Amino acid sequence: MSTNSARPPVPAQVDAVIVGAGFGGMYMLHRLRGLGLSAVVFDTATDVGGTWYWNRYPGARCDVESMQYSYSFSPEIQQEWRWPETFSAQPDILRYAGFVADKLDLRRDMWFETKVTEATFDPASHRWTVRTDRGDVVSARYCVMATGCLSAARLPDLPGIDDFQGATYHTGWWPHEGVDFTGKRVAVIGTGSSAIQSIPVIAAEAAEVTVFQRTPNFSIPSRNVPMTDEYEQSWKSVYPERRAAARMTRNGVLADPNDFSALSVSEEERQRIYEDRWRRGGTTFMAAFNDLIVDKAANDTAAAFVRSKIRDMVKDPRTAELLAPTSHPIGTKRICVDTAYFETYNRPNVTLVDIRPAGIERITPQGVLTGGVEYEADIIVFATGFDAMTGALTRIDIRGRDGVALADKWEAGPRTYLGLMSAGFPNLFMITGPGSPSVLSNMMVSIEQHVDWVAGCLAALGERQLDCIEATQAAEDDWVAHVNEVAHKTLYPQAASWYMGANVPGKPRVFMPYIGGVGAYRAICDEIAADGFRGFRLTAPAQAAVAAE
Ligand code: FAD
Ligand code: N01
């Protein structure tokens, strides 16, 4: 492990290179060690934590409760660690990542401040050559991309962005020393989850906050509270059973879903159920009925309920109307979870600026120009999101068979088999890749499932004295068609969301995650593995394909 220029050399040959030291890469390293395989992990960060290392903006917090957003693989870790709040704040999740890294002594195989720039497959040796921006060259049998779905932060391409004379920050690259907003005029661009979490905290400190909104978002109060011993024990005393149950749910979260339609109950009963979910708070609001994400009429009832709550919370009727989302069905953009977001617009120092339809004209040396009006600011916070799901992968020059670049193969949208591998890229695994439930789920559950599947796959290859696995084109084509088919049975494609690539100009509009459900997806992956890795071609050193199409 190293975080400085005097770092020890990286081994020239390993069984596996893992890219990323977030929760995915950390657990992958642990599992590979358990198989007796050698591995190195690279990350551009100075330490473990991934998302929770980078997103240090004020108010950053988990929207899955921590008793569920945590590793389940180690009974010791899950019993020993204590969360201070029900929905943990970023510093606590980062401390947790550090705790796990210490406990498993992970850092000795990790090289930080090191960006993987290239990975090239050699079909003759069945090995990958991985290069970094520090000049490292590593030969590895396997390459595991634990690069994260929401790790490629992006600034919008706004004219004048470099001319601004104040300070600028992106929520996904937040400075470790924090930002002092005291007495400052702050412009916040964006109203997604990161903005919705940070605006109330910034507004409590800054002199003025001006929020530039392109699309209003649905948000549910988190109802975060300090953890009580009783609540903690109610989980820890039955953790194995709860974890097992969560793995078979739709989203990897125990949410107490109602299995009936929003349209099957009276108006009075519907409102009672929504009120109950609103009072409980969090993303499980969407589990109020079983058809909110497939039936527009059902969805409309939930959307209308949340809009009415927004109108109740925001005193100025014009601002309330601007904040009430109407452009997409509720839940089809990632639903937000907040602490006093809407109420923040009742503060005298907070102004909402609707930038539709023209958008931001330019960043000026003094601030933000939109609708012909210049809003002066000392600080601009870009809460403008990520090149999600594909960005971290396509920013690496990954070359598979015949020198084909992954970025070129995915030009019209990502193509994978199970979100785990892509045809033409043997021995290259993705953790929570596009085509898997990933961002539609409690990511800890999905990360563990993918890592366990990859570890099982590598163990099976070893037992059979094989050294190469590759998705077949036919299996990939079928899976991509299935992912699309399932997505189009839902309302999701109706939103211009980052799930669809719609937030990045020029990115193809393809619904990227698999919406078939975490439990159903797990069963598919397990069944495929049990059937000799159906749809994958497994080969021995310098031999022809020996198994399974
Ligand atoms: P990451 O944590 O993103 O880690 C990937 C790592 O790979 C990064 O550290 C990055 O630096 C590194 N990397 C990428 N490319 C390279 C390269 N070329 N070279 C070297 N290193 C590289 N999910 C939930 O389930 N619940 C939540 O409440 C939740 N909240 C979130 C809040 C925020 C602000 C964000 C951005 C995401 C949130 N997520 C949440 C999703 C979150 O990303 C996952 O839960 C999880 O942390 C992802 O872990 P990971 O290891 O797969 O990826
Ligand atoms: O990013 P986003 P995020 N001009 O893409 C706007 C997870 N997460 O960082 O919607 C003006 O959602 C953009 O507008 P529009 C979670 O999965 C979880 O907030 O494209 N505005 C939008 O309002 C989440 O979904 C938590 O019209 C521009 C905003 O910027 C994901 O990470 C917390 C613009 C970007 O919103 C990403 O969230 C934080 C432009 N040129 C993150 N470009 C939890 O609560 C973009 N925007 C757990």
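Note: the structure precedes this text.
Below or above, wherever it landed, is the structure these notes cover. Everything quoted here is computed from the prediction, not taken from an experiment.

A full pass over the atoms with the stated rule returns four cavities of 30 Å³ or more. Each pocket or cavity is described by its volume, and for the largest cavity that value is around 90 Å³. Pro414, Arg415, Thr416, Pro434, Gly435, Trp479, Val480, Val483, Asn484, Val510, Phe511 and Met512 together form the lining of the largest cavity. For the lining of the largest cavity, the class distribution of residues is eight nonpolar, three polar and one charged.

Within the structure shown, the criterion is met by 39 salt bridges. Among the salt bridges present, the one from Glu485 reaches Lys489, with a minimum N-O distance of 3.5 Å. Overall, Glu485 belongs to the partly exposed group, its relative accessible area being 45%. A relative accessible area of 56% places Lys489 in the exposed class. One network of salt bridges, in which partners are shared, links Arg33, Asp105, Arg108 and Asp109.

Before going further, it helps to spend a moment on the site of ligand 1. Around ligand 1 sit 32 residues, and of these Asp43, Thr51, Asp63, Tyr69 and Met443 come closest. Between ligand 1 and Gly24, the relevant distance is 2.8 Å, taken from an oxygen atom to a main-chain nitrogen or oxygen of the residue. Trp52 is positioned such that a nitrogen or oxygen atom in its side chain is 3.5 Å from an oxygen atom of ligand 1. The protein chains hide 93% of the 980 Å² of surface that ligand 1 would expose on its own. Listed by contribution, the elements that provide at least two residues to the shell around ligand 1 are α1 (23-34), α2 (51-54) and α13 (443-463). The biggest single contributor to the shell around ligand 1 is α2, with three residues. Its residues assigned to classes, the shell around ligand 1 comprises 16 nonpolar, 13 polar and three charged.

The full set close to ligand 2 counts 23 residues, and Thr191, Ser194, Arg214, Thr215 and Lys333 are the nearest of them. Ser193 is positioned with one of its backbone polar atoms (N or O) 3.0 Å from an oxygen atom of ligand 2. When ligand 2 is considered free in solution it has 910 Å² of accessible area, and contact with the protein chains removes 89% of it. In terms of residues, the shell around ligand 2 owes the most to one element, helix α5 (residues 193-205), which gives three residues.

This part takes up the packing of α13 against helix α15 (residues 518-530). Running from amino to carboxyl end, α13 crosses α15 at an angle of 0°, the nearest separation of the two axes being 11 Å. Taken together, α13 and α15 sit at an angle that is classed as roughly parallel. Judged by residue contacts, Val445, Ser446, Gln449, His450 and Trp453 of α13 engage Val518, Tyr521, Arg522, Cys525, Asp526 and Ala529 from α15.

Before going further, it helps to spend a moment on the layout of surface pockets. Rolled over the atoms, a probe with the dimensions of a water molecule shows which regions are left empty. Size it by volume and the second largest pocket reaches roughly 880 Å³. Arg250, Asn251, Met286, Ala287 and Tyr492 are the residues nearest the centre of the second largest pocket, which is lined by 36 residues in total.

What follows concerns the environment of Ala392. Along the polypeptide, Ala392 turns up in helix α11 (residues 391-394). Ala392 sits 244 residues away from Gly148 along the chain, and the two C-alpha atoms are 6.9 Å apart.

Negative phi is the rule for most residues except glycine; trans is the rule for most peptide bonds. Omega for the bond connecting Arg356 with Pro357 falls within 30 degrees of zero, at -5°, which places this linkage in the cis form. Although it is not a glycine, Asp256 sits at a positive phi angle of roughly 55°. Tracing the chain through its elements places Asp256 in the loop between α7 (239-247) and α8 (267-280). Unusually for a residue other than glycine, Ala340 sits at a positive phi of about 60°. Along the polypeptide, Ala340 turns up in the loop between β11 (336-338) and β12 (350-354).

Moving on, we come to the nonpolar core. Ranked by internal contacts, the top residues of the largest apolar core, which has 133 residues, are Phe23, Met26, Tyr96, Phe285, Phe429 and Phe536. When residues in this core are grouped by element, the largest group, 11 residues, is from α13. Setting aside chain neighbours within four positions, we find Phe429 in contact with Tyr142, Cys143, Val144, Met145, Leu420, Met421, Trp453, Val454, Cys457, Leu458 and Ile469. Of all hydrophobic cores here, the second largest spans 25 residues; its members include Val17, Val19, Leu393 and Ile396.

Okay, α5 next. The axis of α5 is deflected most strongly, by about 35°, at Ile199, and proline Pro200 appears within four residues downstream. Where the residues of α5 are buried, they touch β8 (185-189), β9 (208-213), β10 (219-221), β11, β12 and β16 (379-382).

Moving on, we get to the environment of Ile360. Here Ile360 lies in the loop between β12 and β13 (362-363). For Ile360, a relative accessible area of 12% translates into the label buried. Placed 274 residues apart in sequence, Ile360 and Thr86 show a C-alpha to C-alpha distance of 38 Å.

What counts, and at which threshold
- In this numbering scheme, every chain counts its residues from 1 along its sequence in written order.
- The naming scheme follows written order: chains are lettered A onward, ligands numbered 1 onward.
- Since the coordinates come from a predicted model, pLDDT governs what is reported: local features require at least 70, and pairs of side-chain atoms require 80 or more to be given and counted, while whole-chain, interface and lining totals use all residues.
- Excluded from the side-chain calculations are hydrogens and water; all other atoms, namely the structure's heavy atoms, are used.
- The rule is simple: put a 1 Å grid over the protein atoms alone, call a set of points where a 1.4 Å probe fits but cannot get out a cavity, call an open set with protein on both sides within 12 Å along at least five of seven lines a pocket, and count a residue as lining if it has an atom within 4 Å of a point.
- Grid points are joined across faces, edges and corners, and a volume is the space filled by probe spheres set on the points.
- Think of it as three bins: nonpolar holds Ala, Val, Leu, Ile, Met, Phe, Trp, Tyr, Cys and Pro, charged holds Asp, Glu, Lys and Arg, and polar takes everything else, Gly as well.
- Any Lys or Arg side-chain nitrogen found within 4 Å of a carboxyl oxygen on Asp or Glu counts as a salt bridge.
- Accessible area is worked out with a 1.4 Å probe on protein chains only. A residue is then buried under 20% of its type maximum, exposed over 50%, and partly exposed in between.
- What makes a residue near a molecule or strand is one non-hydrogen atom of that residue sitting within 4 Å of it.
- By the criterion applied in these results, polar contacts are pairs of N or O atoms within 3.5 Å in which, for protein atoms, one can donate a hydrogen and the other can accept it, and in which residues neighboring in sequence qualify only through two side-chain atoms.
- Areas reported here follow the Shrake-Rupley algorithm with a probe of radius 1.4 Å; residue values treat only the protein chains shown as occluding.
- Each helix corresponds to a stretch of at least 4 residues labelled H or I by DSSP, and each strand to a stretch of at least 2 residues labelled E; elements are numbered beginning at the N terminus.
- Think of each axis as a best-fit line through the C-alpha atoms, taken over the contacting stretch in the case of a helix, with angles from 0 to 180 degrees between the N-to-C directions.
- Reported orientations rely on four angle classes, namely roughly parallel under 35 degrees, roughly antiparallel over 145, roughly perpendicular from 65 to 115, and oblique for the rest.
- Here, residues are in contact when the closest pair of their heavy atoms is within 4.5 Å.
- Side-chain atoms within 4.5 Å are what join buried Ala, Val, Leu, Ile, Met, Phe, Trp, Tyr and Cys residues into a set we call a nonpolar core.
- The bend at a residue is defined as the angle formed between two axes, one fitted to the seven residues ending at that residue and one fitted to the seven starting there.

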